[in-house]
Amino acid sequence: MILVCFKYRLVLYNILTEDLYACCKWQLKSCRAARFSNSGGIFAVAQLSNIIIFNAYTFQVIATLKGHSGIVKHLLWSEDDRYLVSTGQEGALYEWEIDISKDPNKIRRLENIVKTSAFHTAAYDYSTRTIAVVGTDQKLWCFQKGDFMIDVQCGYELTSMCL
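For clarity, every value in this text was computed on a predicted model and none was experimentally measured.

> Looking at this model, I keep getting lost on the sheet that holds strand β2 (residues 10-15). Mind explaining?
Two orientations exist for strands paired in a sheet by backbone hydrogen bonds: parallel and antiparallel. Taken in spatial order, the three strands of this open sheet run β1-β2-β3, and their pairing is antiparallel. Edge positions in the sheet fall to β1 (2-5) and β3 (20-26), since each has one partner strand and no second. Recorded for the sheet is a direction-independent mean angle of 25 degrees between the axes of neighbouring strands. Two strands pair when backbone bridges link them, and β2 and β3 are joined in this way by six bridges, in the antiparallel orientation. Among the inter-strand pairings, Leu-12 is bridged to a residue of β3, identified as Cys-24.

> Help me understand the sheet that holds strand β10 (residues 92-97), please; the structure alone is not making it clear to me.
Taken together, four strands build an open sheet; the order of strands is β8-β9-β10-β11 and the sheet is antiparallel. The sheet is open, and its two borders are formed by β8 (72-77) and β11 (108-113), each paired with just one other strand. On average, each strand axis in the sheet is inclined to that of its neighbour by 15 degrees, with strand direction left out of account. Two strands pair when backbone bridges link them, and strand β9 (residues 83-88) and β10 are joined in this way by five bridges, in the antiparallel orientation. For Leu-84, the partnering residue across the bridge sits in β10 and is Trp-96.

> Got a minute to help me understand the packing of aromatic side chains in this structure?
Applying the stated criterion to the full structure yields ten aromatic pairs. Relative to Phe-43, the ring of Trp-26 lies with its centre 5.8 Å away and its plane at 65 degrees, an arrangement referred to as edge-to-face. Taken together, the residues Trp-26 in strand β3 and Phe-43 in strand β5 (residues 42-47) connect sequence positions 17 residues apart. For the pair shown, Trp-26 and Phe-43 are each scored as buried. Between Tyr-124 and Tyr-126, the ring centres sit 6.4 Å apart and the planes meet at 70 degrees, which makes this aromatic pair edge-to-face. One aromatic cluster is present, built from ring pairs that chain together Trp-26, Phe-36, Phe-43, Phe-54 and Phe-59. It is Arg-9 that lies over the ring of Phe-6; its NZ or CZ is 4.9 Å from the centre.

> Please clarify how the nonpolar core should be interpreted in this entry.
When a protein is soluble and globular, its nonpolar side chains tend to lie buried together. Judged by nonpolar contacts, the single largest core of 17 residues is most densely connected at Ile-51, Ile-53, Leu-65, Leu-75, Leu-84, Trp-96 and Ile-98. Apart from the residues lying within four places of it in its own chain, the contact partners of Ile-98 are Ile-42, Ile-53, Leu-65, Trp-77, Asp-81, Arg-82, Tyr-83, Leu-84 and Ile-107.

Rules and cut-offs
Residues numbered from 1 in each chain as written. Predicted model: local features only at pLDDT ≥ 70, side-chain atom pairs only at ≥ 80, totals over all residues. Heavy atoms only, no water. Pairing = 2+ DSSP bridges. Helix = DSSP H or I, 4+ residues; strand = E, 2+ residues; numbered from the N terminus. Axes fitted to C-alpha atoms, helices over the stretch in contact; angles between N-to-C directions. Phe/Tyr/Trp six-rings, centres within 6.5 Å; stacked < 30°, edge-to-face > 60°. Buried < 20%, exposed > 50% of the residue type's maximum accessible area, 1.4 Å probe, protein only. Lys NZ or Arg CZ within 6 Å of the ring centre and 35° of its normal. Core = buried A, V, L, I, M, F, W, Y, C linked by side-chain atoms within 4.5 Å. Contact = heavy atoms within 4.5 Å.

This is a description of form; function is not addressed.
Structural data, given as structure tokens:
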């Protein structure tokens, strides 16, 4: 399957041998990021400042995560799909515990906000709960278990990274 964000809609396609088949469409404006969980059973979509979690098999909304005050720029799942990391244009970094039995308003596990940067992307090491983020302030920021660890001045704006 492939998930495509268009300006005015979100489409989930099945990949066929020589074609793409649109199996589900949602009228969602301004989707900026989308990410399947590692198991493929759920996916997250960033729509402006909200994150919508969908079941990939039933196409139903599982939860809507609210907390960012700016546009969500990047989504990243932990290896076991229990946690979702999101970064935002307002300099916010959130780690969400994805448990459908919990109240969606009570699943934000940690937050860090750096007012001087708009975060682009993140890398996540679940075993140590270390999150590295980069943004517009030309720094690489590292957080461990929700606490600030270090920031490294790079001298230029970083746009992407991975672990």
